[in-house]
Every structure is written in C-alpha cells, then in structure tokens.
Amino acid sequence: QVQLVESGGGLVQPGGSLRLSCAASGRSVSIATMDWYRQAPEKEREFVARITSASTTTYYADSVRGRFTISRDNTKNTVYLQMNSLKPEDTAVYYCYTQIGVTNYWGKGTLVTVSS
C-alpha cells in the first residue's frame, strides 16, 4: 500500500508562484513514475506533469509547459511541482498519482486558487 499526501496549496495572486509537495509513505516510490493531475471546478481531471523514476524524463501538459517544473527527491520519497507565472485558469485541486503494478494510488489533493 502507498499513501500519497499533497501539500503546499493556497491562495496566490496571478503571476505568483507556489511549490506543491507529494509525500509518499507505506513503501518507496523511487522506482515509480509519478504524476500530477488537477481538477478545476466543474471540469474533468486533467494531466499536468509526469516524472520518471530516475528523473531522466519529464512530460508536461501544453497548458503548463514552460511555467511548471516537476522534480523528485527519492531520498525523501517526495515529488514536487514548482508552479510559476500562475494564472487564474490554474485554479484547481492538484492531485498526486502513481501506479505500482496494477494498483492506482491517488492523494486527496491540495487546493490552489489563483486570484487577485
């Protein structure tokens, strides 16, 4: 079993920055690909970013590429999402996700609100 706990959300003005964290417990996720997703009010959950186990490859949604950076610290079993130049349309609950074997694991999410 893996538990994922997101943190770092909050209220930020447009153009501001936040760093989200996803701490994994229960077992190491160092060999797992880790994703961030988000869900805005009344919208479908959407993919945001992905990082492979050795941090060798990252992927981003077109809407965040160049503004968001995903990274990980396998010694801390933690994945990060640095979000810069935030826009009101980035407002959403952000979720951490991984799949180990055939089991999907989701965190409960952290709310990011971008508003003046």
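Everything here concerns the structure above.
Residues numbered from 1 in each chain as written. Predicted model: local features only at pLDDT ≥ 70, side-chain atom pairs only at ≥ 80, totals over all residues. Heavy atoms only, no water.

Across its full length, the protein carries zero helices and eleven strands. Its C-alpha atoms give the protein a radius of gyration of 13 Å, near enough to 13 Å, the size a compact globule of 116 residues would have. The buried share of the protein, reckoned over its 116 residues, is 43%. Taking contacts inside the protein between residues at least 6 apart in sequence as the whole, the part at least 24 apart equals 51%. If you sum the accessible surface of the protein, you get close to 6,200 Å²; carbon and sulfur atoms cover 47% of it. Here the protein holds 12 positive side-chain charges and 9 negative ones, and the gap between their average locations is 6 Å. (Helix = DSSP H or I, 4+ residues; strand = E, 2+ residues; numbered from the N terminus. Rg over C-alpha atoms; globule rule 2.2 N^0.38 Å. Buried < 20%, exposed > 50% of the residue type's maximum accessible area, 1.4 Å probe, protein only. Contact = heavy atoms within 4.5 Å. Areas by Shrake-Rupley, 256 points an atom, 1.4 Å probe, with all protein chains shown as cover. Lys, Arg positive; Asp, Glu negative; His and termini not counted. Charge placed at Lys NZ, Arg CZ, Asp CG, Glu CD.)

Of note, Thr56 is situated in the loop between strand 5 (46-51) and strand 6 (58-60). Along the chain, Thr56 and Ala92 lie 36 residues apart, while their C-alpha atoms are 27 Å from each other. A polar side-chain atom of Thr56 sits 3.1 Å from a polar atom in the side chain of Thr52. (Polar contact = N/O pair within 3.5 Å; in protein donor to acceptor, adjacent residues only side chain to side chain.)

This brings us to the sheet that holds strand 3 (residues 18-25). On the basis of which strands lie adjacent, the open sheet formed by four strands has the order 1-3-8-7 and antiparallel pairing. What marks the edges here is a single partner per strand, and that holds for strand 1 (3-7) and strand 7 (68-73). Mean inter-strand twist for the sheet, computed between neighbouring axes without regard to direction, equals 15°. Bridge count between strand 7 and strand 8 (residues 78-83): six bridges; the pairing is antiparallel. In the sheet register, Thr69 faces strand 8, and the bridge partner there is Gln82. (Pairing = 2+ DSSP bridges. Axes fitted to C-alpha atoms, helices over the stretch in contact; angles between N-to-C directions.)

This next bit is on the packing of aromatic side chains. Under the criterion given, the structure shown has five aromatic pairs. Taken together, a centroid distance of 5.7 Å and an interplanar angle of 80° make the contact between Tyr37 and Phe47 edge-to-face. In this pair, Tyr37 sits in strand 4 (residues 34-39) while Phe47 sits in strand 5, placing the two residues ten residues apart along the sequence. By relative accessible area, which is 18% here, Tyr37 ends up buried. Judged by its relative accessible area of 26%, Phe47 falls in the partly exposed class. For the pair Tyr97 and Trp106, a centre-to-centre distance of 4.6 Å together with 45° between the ring planes defines the contact as tilted. Within the aromatic cluster, the residues linked to one another by ring pairs are Tyr37, Phe47, Tyr95, Tyr97 and Trp106. If you follow Arg45 out to its NZ or CZ, it ends over the ring of Tyr95, 3.8 Å from the centre. The ring of Trp106 carries Arg45 above its face, with NZ or CZ at 4.5 Å from the centroid. (Phe/Tyr/Trp six-rings, centres within 6.5 Å; stacked < 30°, edge-to-face > 60°. Lys NZ or Arg CZ within 6 Å of the ring centre and 35° of its normal.)

Once that is clear, we can look at the state of the cysteines. Tallying each qualifying case throughout the model produces one disulfide. One disulfide bridge connects Cys22 with Cys96, the sulfur atoms lying 2.1 Å from each other. Where Cys22 bonds to Cys96 through sulfur, the torsion about that S-S bond is close to -85°, and the disulfide is left-handed. Taken together, the residues span a long stretch of sequence, with Cys22 in strand 3 and Cys96 in strand 9 (residues 92-100) at a distance of 74 residues. Note on accessibility: Cys22 and Cys96 belong to one class, buried. (Disulfide = S-S within 2.5 Å.)

Shape is all these values report; function is a separate question.
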